[in-house]
Amino acid sequence: MSLTVVGSIAFDAVKTPFGERERMLGGAAVHFSLAASFFTEVRPVGPVGEDFGAEQFEVLERRGILTDDIERVDGGKSFFWRGRYDYDLNVAHTEDTQLGVFAEFEPKLSEQSRGADTLFLANIQPDLQRQVRAQCRQARLSGLDSMNLWIETAKESLLAAIAEIDCLVVNDAEIRQLTGEPNLARAARAVMDMGPRAVIAKQGEYGAALFTESGFFALPGFPLEDVRDPTGAGDSFAGGFVGYIDSQDGDLDEASLRRAMGYGTVLASFNVERFGTERVAELTREEIEERFAQLHAMTSFEPLPARAE
Ligand code: AMP
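Residues numbered from 1 in each chain as written. Predicted model: local features only at pLDDT ≥ 70, side-chain atom pairs only at ≥ 80, totals over all residues. Heavy atoms only, no water.

### Side note on the sheet that holds strand E7 (residues 92-98)
We count it as follows: One bridge is not enough; two strands pair if DSSP finds at least two bridges between them. Only DSSP runs of H or I reaching four residues or more are called helices, and only runs of E reaching two or more are called strands; each is numbered from the N terminus. Axes, fitted as lines to C-alpha atoms, cover a helix only where it is in contact. Angles between the N-to-C directions of the axes lie from 0 to 180 degrees.
Strand order in this open sheet of four strands is E3-E2-E6-E7, and the pairing throughout is mixed. One side of each edge strand has no neighbouring strand; the edge strands of this open sheet are strand E3 (19-26) and E7. Sheet twist, expressed as the mean angle between neighbouring strand axes with direction ignored, is 15°. Sheet topology places strand E2 (residues 10-16) next to E3; six bridges connect them, and they run antiparallel. Its bridge partner being in E3, aspartate 12 is matched across the sheet by methionine 24.

Here's what the structure looks like:
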């Protein structure tokens, strides 16, 4: 089992009704890697600037994440995102995005990264996602996330990237925007017609829905009374989901997919309890299993007993 992920590796400035941080470790590949590290060996790929120091590398390395393919660019600045959430924590308002070293990035993966069993193209410019996909030809399973910015500014390359992967993991509003189809089931079908075998629609605090050729499954978000910062929840979901699938040899059978939905939901729920990576960075596998069992208990129900004739 091994998992390579490309995506933003960033500093985030975030304000929610429950607090703010001016500069915290973030980025789609970072949140994804931390979540996936509970299940498999993870290698994030991407550049960072001189501002990315030992403290940030340590957060990743403490979770056993292999950081050799994170390239530190002399004189460069890391990807930076500034966002704000109002009381509806499902909607992020982007105030600033600075690509920094990602603007000039030309991915050259190490042999180990290229040889990964599973590949995840986390949120970043879709041409970069495609360049990484092209280098990981042997991956038995590949997934992709994106966002409205890339649908609006690079739709053609995003569609080409989607045609090359097995599993699309995006917000439900983005599936609608991408396909121009307001009905989610039809939109998911339209995505599967482009190539992917599975489509996961993330629905913020309401949970996530899974569409495949043979079926449908959905889980609610894990109910929490204290939510501080949703930044990275979607990436943590994807990390839990894909990390678990990789640990099952990439098997996309219905039972594994449903369990993966459970792990995605659990990782996302821990993510939002504190700011940025604060909670997931110190999480344990025991806490994950405990919440997974609670989620299972609260989402299963018995059919009516068979009536005697
Ligand atoms: P989410 O899981 O959707 O909350 O993702 C939040 C993370 O995405 C933050 O840590 C940001 O650094 C990162 N991010 C925000 N905008 C972009 C973008 N345009 N491209 C790549 N990553 C981004």
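### Brief notes about the nonpolar core
We apply this condition: Nonpolar cores are built from buried Ala, Val, Leu, Ile, Met, Phe, Trp, Tyr and Cys residues. Side-chain atoms within 4.5 Å join them into one set. Only protein chains enter the accessibility calculation, which uses a 1.4 Å probe; a residue is then buried when its area is under 20% of its type maximum, exposed when over 50%, and partly exposed in between. Two residues qualify as a contact provided that any one of their heavy atoms is within 4.5 Å of a heavy atom in the partner residue.
If you look at the biggest cluster of nonpolar residues, it comprises 58 residues, and the most contacted ones within it are Phe120, Ile200, Phe241 and Met261. Sorting elements by how many residues they give to this core places helix H10 (residues 254-271) first, with eight residues. The residues touching methionine 261, leaving out its near neighbours within four places in the chain, are Ile200, Ala208, Ala209, Leu210, Phe217, Leu219, Phe237 and Phe241. Core analysis: the second largest hydrophobic core is formed by 39 residues, Phe105, Leu128, Ile165 and Leu168 among them.

### A look at the site of the ligand
To keep it simple, the criterion reads: Distances are taken per atom, and a residue is near a molecule or strand as soon as one of its heavy atoms is within 4 Å of it. Contacts described as polar in this section are N or O atom pairs within 3.5 Å, which, within protein, must combine one atom able to donate a hydrogen with one able to accept it, while residues neighboring in sequence count only if both atoms come from side chains. Methods summary: accessible areas were calculated by the Shrake-Rupley approach with a probe of 1.4 Å, and residue burial reflects only the protein chains presented. Gly is put with the polar residues, along with every residue not named as nonpolar or charged; the nonpolar set is Ala, Val, Leu, Ile, Met, Phe, Trp, Tyr, Cys and Pro, and the charged set is Asp, Glu, Lys and Arg.
Every one of the 18 residues lining the ligand counts as a neighbour, but Ser8, Asp12, Gly27, Gly232 and Asp235 are closest to it. In this structure, an oxygen atom belonging to the ligand sits 3.2 Å away from a main-chain N or O atom of glycine 234. With respect to the ligand, the side chain of aspartate 235 contributes an N or O atom lying 2.7 Å from an oxygen atom. Here the ligand, which alone exposes 500 Å², has 89% of that area covered by the protein. Those elements that place two or more of their residues in the shell around the ligand are E2, strand E6 (79-85), helix H5 (148-153) and helix H9 (233-247). Looking at the shell around the ligand, the element that brings in the most residues is H9, giving three residues. Class assignment of the residues belonging to the shell around the ligand gives a composition of eight nonpolar, eight polar and two charged.

### Some points on the sheet that holds strand E13 (residues 216-219)
Ordered by their spatial adjacency, nine strands build an open sheet running E5-E4-E1-E8-E9-E10-E11-E12-E13, and the pairing between neighbours is mixed. Looking along the sheet, the strands with just one partner apiece sit at the ends: strand E5 (70-72) and E13. With strand direction ignored, the average angle separating the axes of adjacent strands in the sheet is 15°. Bridge count between strand E1 (residues 3-6) and strand E8 (residues 118-121): four bridges; the pairing is parallel. Paired with valine 6 across the two strands is leucine 121, which belongs to E8. Taken strand by strand, helix H1 (residues 28-36) contacts E1, strand E4 (42-48) and E8, and its axis lies near 160° from that of E1.

### Observations regarding the packing of aromatic side chains
So the rule is basically this: Ring geometry is summarised as follows: Phe, Tyr and Trp rings, the Trp one being its six-membered ring, pair when their centres sit within 6.5 Å, and such pairs are stacked at plane angles under 30 degrees, edge-to-face over 60 and tilted between the two.
Scanning all chains against the criterion turns up 12 aromatic pairs. With a centroid separation of 5.7 Å and an interplanar angle of 80°, the aromatic rings of phenylalanine 102 and phenylalanine 105 are classed as edge-to-face. With a centroid separation of 4.2 Å and an interplanar angle of 20°, the aromatic rings of tyrosine 263 and phenylalanine 292 are classed as stacked. Separated by 29 residues along the polypeptide, tyrosine 263 in helix H10 and phenylalanine 292 in helix H11 (residues 285-299) bring together distant segments of the chain.

### Comments concerning the environment of arginine 84
Tracing the sequence through the fold places arginine 84 in strand E6. When its relative accessible area of 28% is taken as the criterion, arginine 84 is described as partly exposed. Residues arginine 84 and glutamate 95 lie 11 residues apart in sequence; the distance between their C-alpha atoms is 7.2 Å. Ignoring any residue separated from it by four or fewer positions in sequence, one finds arginine 84 in contact with Lys15, Val91, Ala92, His93 and Glu95. Within polar-contact distance, the side chain of arginine 84 engages the side chain of aspartate 86 at 2.9 Å. In terms of polar contacts, arginine 84 uses its side chain to reach the side chain of glutamate 95, at 2.8 Å.

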